[in-house]
Structures are given as structure tokens and as C-alpha cells.
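As a plain string of letters, each chain reads:
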Amino acid sequence: MTMGSTRRTVLATGAAGTAALLVGCGGDGGDSQEETSPGDAGTGGAGEELTTTADIPVGGGRIFKDQKVVVTQPQEGDFKAFSAVCTHQGCIVSSVSDETIDCACHGSKFKITDGAVVQGPATEPLPAEEIKVAGNSIQLA
């Protein structure tokens, strides 16, 4: 029966290690580009206000971790939204700078204009998300 105990121990240890690895993938990037407005406390439902248009810089964007959405403004008055989940291994992207959406986990970068991959290892673009701009309010559609 000693062999059964050893096998269980190995399986349990492997499962715990895998869980720790998966949790580590979604770590906090700690970037100042991340939006932490009261809207972040929501669940990402349609009609929920994410932010105001003034809070999204031209040529940049903001990440809303709780809703798993990144909103960008490639050109004045042109707002885009994409999934904030990196298509490489599912990390939440960490920053928006130099006209790219960046994932700190493995270095992938995506265009703020269309979510296309600029730098791998990701090979798939960030999927577009629906938003609604009403006046100066940006809401989930």
C-alpha cells in the first residue's frame, strides 16, 4: 500500500502545482494605465458605464480588469474595445502604451486600432468587444 500513497502524493502535488501556475498567469501588472474607477466593481453587464471619453487618451487606452475589456482611442473621437484576455495563454493584458496593448506575461503586443498582433508569442488578435459611446459616457453594449 506504500506505492498507492506515493502515487496519491505525486498526483496531489502535481495538481497543486498546476493550480499555482494558472493563478500566476493572471497576475497584476501594476501599470498606471489601468483604470480603477467605480465601474470596475461591476460584472461587465450591458449598459454598464466603464468610463468617460475624457479618461481614454488619444493614441492610448485603459484596461478594465473586472470586465476583462480594454478601451482605446486610436484617433480623436474614435473609440475601440477589445477583450483584455491575451490570446496567447489567457493572461489579462497589463498596459496600453506606444499605440499597443501589452501583455506582461510573455511579451505579446496588439494594435490599439484593431487588436491585431504586433509582437508574439500570441498569434491571434484580441477579439473586438461592443461598446456604446453616449455623450461623454463609454458603456458596455
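Residues numbered from 1 in each chain as written. Predicted model: local features only at pLDDT ≥ 70, side-chain atom pairs only at ≥ 80, totals over all residues. Heavy atoms only, no water.

- The chain is annotated in an unreviewed UniProt entry as Cytochrome bc1 complex Rieske iron-sulfur subunit of Streptomyces gottesmaniae.
- We quote the UniProt Cofactor (unreviewed entry) comment for the chain here in full: "[2Fe-2S] cluster". (UniProt positions renumbered as here; feature names shortened; annotations may be inferred.)

Focus: the sheet that holds strand β9 (residues 131-134)
At step 1: One open sheet holds the 3 strands; their spatial order is β1-β10-β9, and the pairing between them is antiparallel. The open sheet has two edge strands, β1 (49-52) and β9, and neither has a second partner. Strand after strand, the sheet turns through a mean of 25° between neighbouring axes, direction not considered.
At step 2: Here β9 runs beside strand β10 (residues 137-140); their pairing, made up of 4 bridges, is antiparallel. By the bridge assignment, alanine 134 is partnered in β10 with serine 137. (Pairing = 2+ DSSP bridges. Helix = DSSP H or I, 4+ residues; strand = E, 2+ residues; numbered from the N terminus. Axes fitted to C-alpha atoms, helices over the stretch in contact; angles between N-to-C directions.)

Section: the sheet that holds strand β3 (residues 69-75)
At step 1: Reading across from one edge, β2-β3-β4 is the order of the 3 strands in this open sheet, with antiparallel pairing throughout. Of all strands in the sheet, those bounded by a partner on one side alone are β2 (60-64) and β4 (78-83). Adjacent strand axes in the sheet meet at a mean angle of 20° when their direction is disregarded.
At step 2: Judged from the 5 bridges that link them, β3 and β4 form a sheet pairing that is antiparallel. In the sheet register, valine 70 faces β4, and the bridge partner there is phenylalanine 82.

Topic: the confidence of the model for the chain
Atom-level detail of predicted coordinates should not be read off regions where pLDDT is low.
At step 1: Within the chain, residue pLDDT values average 78, and 67% of them lie at 70 or more.
At step 2: The spread of mean pLDDT over the elements of the chain runs between helix α1 (residues 2-25), the lowest at 45, and strand β7 (residues 109-111), the highest at 97.
At step 3: Confidence drops under a pLDDT of 50 for residues 7-43, and excluding neighbours within four residues, the segment shows 34 contacts in the predicted structure. (pLDDT = per-residue confidence, 0-100. Contact = heavy atoms within 4.5 Å.)

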